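# Structural description and commentary
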Amino acid sequence: MSEQTFLALLLYPDESRDAFSVRLPLEGARPPGLLRTSATFEGAQAVEVFRLADASSWPEVAAFLYEETLPGTVKDGGVVEQVSLPDD
């Protein structure tokens with residue numbers, strides 16, 4: 001485990017899908033407000049949006065709750081995009 005990364009726990013509220021985690025680089029003093037992950041929806045490229053839910057163990061771990069799936073792709077063709085919000 002690197003001091004330059006954190007573990008992002010990605011959770012689904014209805015538990016219809018399994019939660020998963022991903023290790024991401026630290027990009028600031030606070031956790032990102034949103035994570036966008038690559039996904040597929042009905043055969044098309046999409047992104048799943050997860051909103052920060054719990055940062056009580058920051059900077060080691062932060063939990064994000066699934067919010068919605070949108071058409072599109074993650075910035076720069078990545079797998080996960082960290083998005084800071086104005087109040088971050």
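Everything discussed here concerns the structure shown above.
Read on for a plain summary of the structure. (Residues numbered from 1 in each chain as written. Predicted model: local features only at pLDDT ≥ 70, side-chain atom pairs only at ≥ 80, totals over all residues. Heavy atoms only, no water.)

## Description of the packing of aromatic side chains
The geometry of an aromatic ring pair comes down to the distance between the two centres and the angle between the two planes. Under the criterion given, the structure shown has five aromatic pairs. Measuring from centroid to centroid gives 6.2 Å for Phe 20 and Phe 50, while their planes differ by 90 degrees, and the two rings are edge-to-face. Of the two residues, Phe 20 sits in strand β2 (residues 20-25) while Phe 50 sits in strand β4 (residues 44-54), which places them 30 residues apart along the sequence. Residue Phe 20 is classed as partly exposed on the basis of its relative accessible area, which comes to 36%. Through pairs of rings, three or more aromatic residues link up here, namely Tyr 12, Phe 20, Phe 50 and Tyr 66. The lysine or arginine in question, Arg 17, covers the ring of Tyr 66, its NZ or CZ lying 5.2 Å from the ring centre. (Phe/Tyr/Trp six-rings, centres within 6.5 Å; stacked < 30°, edge-to-face > 60°. Helix = DSSP H or I, 4+ residues; strand = E, 2+ residues; numbered from the N terminus. Buried < 20%, exposed > 50% of the residue type's maximum accessible area, 1.4 Å probe, protein only. Lys NZ or Arg CZ within 6 Å of the ring centre and 35° of its normal.)

## Re the sheet that holds β4
Read from one edge to the other, the open sheet built from six strands follows the order β2-β1-β5-β4-β3-β6, with strand pairing classed as mixed. In the strand order of this sheet, the two ends are held by β2 and β6 (80-83), each with one partner. Here the strands of the sheet are splayed against their neighbours by 35 degrees on average, with no regard to which way each runs. Pairing between strand β1 (residues 5-11) and strand β5 (residues 61-71): five bridges, direction parallel. Paired with Leu 11 across the bridge in β5 is Leu 65. (Pairing = 2+ DSSP bridges. Axes fitted to C-alpha atoms, helices over the stretch in contact; angles between N-to-C directions.)

Keep in mind these values describe shape, not function.
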